[in-house]
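Structural characterization, general
Here's the letter readout for the chains.
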Amino acid sequence: MTQATQNFIQEVWPGPMEGVMKTPFIRTASKLKLVSRWMTPFYRVTTGVPREKQIVSFLEPFMETGLPVSGQIMGTDRDLLAKTALLMLKCGCIDVNLNCGCPSARVVSGNAGGGALKDIEKLADILKALRDTLPC
């Protein structure tokens, strides 16, 4: 075992999927201690920064478990994504994940999710905006 793997904390968290990861599953998996943290399905950011009330409602089933929660966002507008990520932290997420892997044809055609990989410079710009906006 390398030094890096010796210091790595192993965790198991289900891969989030929009429309599938519902409150009963979240509650049951938490009560049975099957997971040590949660990552939300992606929160799609398109035309504006969501209201805090919307984020709180989105996060509620995860937050009520008392486990750490990583909020996942997806979109193409660097400023909207950065502001939404900051709002997720304000609402209790421990960190934020930018979805760059959703393979849905609809998502990819809009250059979000896996489609973000088609323009690496734009993706780097989004990541820089997130890094510059979020506290380290």
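This text gives an overview of the structure that appears in the document. For clarity, every value in this text was computed on a predicted model and none was experimentally measured. (Residues numbered from 1 in each chain as written. Predicted model: local features only at pLDDT ≥ 70, side-chain atom pairs only at ≥ 80, totals over all residues. Heavy atoms only, no water.)

Quick look at the packing of helix 3 (residues 52–63) against helix 4 (residues 78–90) now. For the pair helix 3 and helix 4, the least separation of the axes is 10 Å and the interaxial angle reads 60°. Considered as vectors, helix 3 and helix 4 are oriented oblique to each other. Pair helix 3 / helix 4 crosses with right-handed handedness. Here Glu52, Ile55, Phe58 and Leu59 of helix 3 lie close against helix 4, whose contacting residues are Thr84, Leu87, Met88 and Lys90. A per-class count over the contact of helix 3 with helix 4 returns 5 nonpolar, 1 polar and 2 charged. (Axes fitted to C-alpha atoms, helices over the stretch in contact; angles between N-to-C directions. Helix = DSSP H or I, 4+ residues; strand = E, 2+ residues; numbered from the N terminus. Parallel < 35°, antiparallel > 145°, perpendicular 65-115°, else oblique. Left-handed = near helix turned anticlockwise from the far one by under 90°. Contact = heavy atoms within 4.5 Å. Nonpolar A, V, L, I, M, F, W, Y, C, P; charged D, E, K, R; others polar.)

So, about the pattern of salt bridges. Scanning all chains against the criterion turns up 6 salt bridges. The residue Glu52 makes a salt bridge to Lys90 at a minimum N-O spacing of 3.0 Å. Of the two residues, Glu52 is situated in helix 3 and Lys90 in helix 4; the sequence distance between them amounts to 38 residues. In the salt-bridge network here, residues are joined through shared partners; they are Arg78, Asp79 and Asp125. (Salt bridge = Lys/Arg side-chain N within 4 Å of Asp/Glu carboxyl O.)

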